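Analysis of the macromolecular model
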Amino acid sequence: MAIKPCIAQKDVTLHIVRTFGIHMSKKLGQNFLIDANVVDGIVAAAAITEGDPVLEIGPGIGTLTQGLAEAGAEVTAVELDRRLLDVLGKTLEGYNNVRIIHGDILKIDISREINKEKYKVVANLPYYITTPIIMKFLEEKLPVELLVTMVQKEVAERMVAKPGGKDYGALSVAVQYYTQPEIMFIVPPQAFLPPPAVESAVIRCTVRSKPPVEVASEKMFFRVVKAAFAQRRKTLANGLKAAGLNKDDLEQVLTQAGIDGTRRGEQLSLDEFAAIANAWTKLLNAN
Ligand code: SAM
């Protein structure tokens, strides 16, 4: 393994960006880590062992990639900014366990790039597309066992939120349906260059082998969830009506599910969403 200076330091990062004439792009969410403890914390949260296949999203100048490579991971890293490819070629020179791919993580065929039975996703995510990235991995049922990502603290709080509060929404339900999420630690703006305007958090989402609730149709489950949160101030009954249930069917579905239609979506647990979705599916199948 190569002996290299740790990139996760302010002076090293400044030296790299100046040498290559890189201006960090706000549009691409380029806030590079400059705190080695945070890199180590992410690598530890992902429990990397020798030979672990890891997909990294947005390696930037190679800061977290270096931490993963040093821990022995087999890293495939996807970077959108073409300007960074030369930089990465230099900063990660000598690590033969790293493969850099140029592309947009939302557009590339991931299974073609990382053809493994199981792999981990580890990333300091670009904040402008956090939710679409996480949802892509979950909805497409890619063979991911764990996602350890840096996100805005507020987004992490929404991912782990329980029913009843303002943070609970469609993202909470989806993340908790597919994974067991835990906030590992909070990261202050000073850990990045340039510092973002908000606090961040590292969240670990362990993908479930089977959802925590039984649903007859996942499509219907998420249709109900979407309807329930579409207009937060509406009652559940009104939300479901707007989603296409007529008055008679609505009554039947709610009775069968044992749920009071005057409640609001933000009060419903995953079990209750599943009960509504299953009652609706049953009604459709009976007709
Ligand atoms: N991993 C580095 C670190 O921790 O210092 C950089 C993280 S920075 C927050 C996010 C990175 O994602 C940037 O390098 C940015 O260019 C890249 N990026 C932004 N949009 C992307 C996309 N759609 N696909 C792949 N990479 C993207």
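All values reported here derive from a predicted model rather than from experimental measurement.

Describing the sheet that holds strand β4 (residues 98-102)
Overall, mixed pairing links the seven strands, which are arranged β4-β3-β2-β5-β6-β9-β7 in an open sheet. The two strands at the open ends of the sheet, each matched to only one other strand, are β4 and β7 (179-187). This sheet shows a mean twist of 20 degrees between the axes of neighbouring strands, independent of strand direction. Pairing of β7 with strand β9 (residues 200-207) involves eight bridges; the strand directions are antiparallel. For Ile-183, the partnering residue across the bridge sits in β9 and is Ile-203. Each of β2 (53-57), β5 (119-124), β6 (144-152) and β7 touches helix α6 (residues 130-139); the most contacted strand, β6, lies at about 175 degrees to it.

Details of the packing of aromatic side chains
Taken as a whole and assessed by the stated rule, the structure comprises seven aromatic pairs. Taking the centre distance of 5.0 Å and the plane angle of 80 degrees together, the rings of Phe-221 and Phe-222 count as edge-to-face. Classification of Phe-221 as buried rests on a relative accessible area of 0%. A relative accessible area of 22% means that Phe-222 is categorised as partly exposed. Grouping aromatic residues by their ring pairs yields a cluster made of Tyr-177, Tyr-178, Phe-221 and Phe-222.

Re the site of the ligand
Neighbouring the ligand are 24 residues, the closest being Leu-33, Gly-58, Glu-79, Asp-104 and Tyr-128. The separation between an oxygen atom of the ligand and a polar side-chain atom of Asn-124 is 2.9 Å. Here the ligand loses 99% of its free accessible area of 600 Å² to cover by the protein chains. Taken together, the elements giving at least two residues each to the shell around the ligand come down to β1 (32-33) and β3 (74-79). Of the residues belonging to the shell around the ligand, the class tally is 12 nonpolar, eight polar and four charged.

Comments concerning the nonpolar core
With 62 residues, the main nonpolar core has Phe-137, Phe-221, Leu-240 and Phe-273 as its most contacted residues. In terms of residues, this core owes the most to one element, helix α12 (residues 270-286), which gives eight residues. Both domain 1 (10-207) and domain 2 (218-286) contribute no fewer than three residues apiece to this core. Discounting residues that sit within four places of it in the chain, Phe-273 has contacts with Tyr-168, Val-173, Phe-221, Val-224, Val-225, Ala-228, Phe-229, Gly-265 and Leu-268. The next biggest cluster of nonpolar side chains, apart from the first, holds 38 residues, and it includes Val-54, Ala-69, Val-87 and Leu-92.

Concerning helix α9 (residues 218-230)
Counted at 1.5 Å a residue, the expected span for α9 with its 13 residues is 18 Å, and the 18 Å between its end C-alpha atoms agrees. Residues of α9 that are buried include every one of Met-220, Phe-221, Val-224, Val-225, Ala-227, Ala-228 and Phe-229, and no others. Tucked inside the fold, the buried residues of α9 contact α8 (170-178), α10 (236-242) and α12.

Quick notes on the packing of α6 against α8
With their axes 10 Å apart at the nearest point, α6 and α8 run at an angle of 35 degrees to one another. Handedness of the α6/α8 crossing: left-handed. Contact with α6, carried on its side by Thr-131, Ile-134, Met-135, Leu-138 and Glu-139, involves Leu-171, Ala-174, Val-175 and Tyr-178 of α8 and no other residues of that element. Partitioned by chemical class, the residues of the contact of α6 with α8 number seven nonpolar, one polar and one charged.

A few points about the domain arrangement of the protein
We note that the domain assignment places domain 1 (10-207) and domain 2 (218-286) within the protein. Placing a centre on the C-alpha atoms of domain 1 and another on those of domain 2 gives a separation of 35 Å. Its largest share of buried area at the contact with domain 2, domain 1 owes to Tyr-168, Val-173 and Tyr-177, together 50% of the area lost on that side. Where domain 1 meets domain 2, there are one salt bridge. A salt bridge links Lys-141 to Glu-218; its shortest N-O distance comes to 2.6 Å. Linking domain 1 with domain 2 are five residue pairs in polar contact (both at pLDDT 80 or more), by the criterion used here. Looking at the side of domain 1 that touches domain 2 residue by residue, the class counts come to seven nonpolar, four polar and two charged.

Description of helix α2 (residues 36-45)
Residues of α2 that are buried: Val-38, Val-39, Gly-41, Ile-42, Val-43 and Ala-45. Looking at the buried positions of α2, the neighbouring elements they touch are β1, α3 (63-70), β5, β6, β7 and β9. Regarding α2, its N-cap is Asp-35, as a side-chain oxygen of that residue lies 2.8 Å from the backbone nitrogen of Asn-37 further along. Just past α2, the residue Ala-47 takes up positive phi, approximately 45 degrees.

Analysis parameters
Residue positions within a chain follow its written sequence, with the count starting from 1. Reporting in this predicted model follows two pLDDT cut-offs: at least 70 for local features of residues, and 80 or more for side-chain atom pairs to be given and counted; totals over whole chains, interfaces and linings ignore these cut-offs and use all residues. Side-chain measures were taken over the full set of non-hydrogen atoms in the model, leaving aside hydrogen atoms and water. In short, DSSP must find at least two bridges between two strands for them to pair. Only runs of H or I of at least four residues qualify as helices and only runs of E of at least two qualify as strands under DSSP, and these elements are numbered from the N terminus. Angular values range over 0 to 180 degrees, each being the angle between N-to-C directions of two axes fitted as lines to C-alpha atoms, with helices fitted over their stretch in contact. By definition in these notes, contact holds between two residues if any of their heavy atoms fall within 4.5 Å. When the centres of two rings from Phe, Tyr and Trp lie within 6.5 Å, Trp using its six-membered ring, the rings pair. Their planes under 30 degrees apart give stacked, over 60 give edge-to-face, and anything left gives tilted. The buried label goes to any residue with under 20% of its type's maximum accessible area, the exposed label to any with over 50%, and the partly exposed label to all in between, with areas taken from a 1.4 Å probe on protein chains only. Near residues are defined by distance, with any heavy atom within 4 Å of the molecule or strand qualifying the residue. Definition of a polar contact: a pair of N or O atoms within 3.5 Å, with one able to donate and the other able to accept a hydrogen when the atoms are protein atoms, and with sequence-neighbouring residues admitted only if both atoms are side-chain atoms. Values of accessible area rely on a 1.4 Å probe in the Shrake-Rupley scheme; residue burial ignores everything except the protein chains shown. Here the term charged refers only to Asp, Glu, Lys and Arg, the term nonpolar to Ala, Val, Leu, Ile, Met, Phe, Trp, Tyr, Cys and Pro, and the term polar to all other amino acids, Gly among them. Buried Ala, Val, Leu, Ile, Met, Phe, Trp, Tyr and Cys residues form a nonpolar core when they are joined through side-chain atoms within 4.5 Å. The start and end points of each domain follow an automatic or database-based domain assignment. Given a helix with a known number of residues, its expected span is that number minus one, times 1.5 Å. We call a crossing left-handed when the near helix sits turned anticlockwise from the far one by less than a right angle, and right-handed when that turn is clockwise. Accessible area that two parts lose when put together, evaluated with a 1.4 Å probe and summed over both, is termed the buried area. Salt bridges are identified by distance alone: a Lys or Arg side-chain nitrogen within 4 Å of an Asp or Glu carboxyl oxygen.

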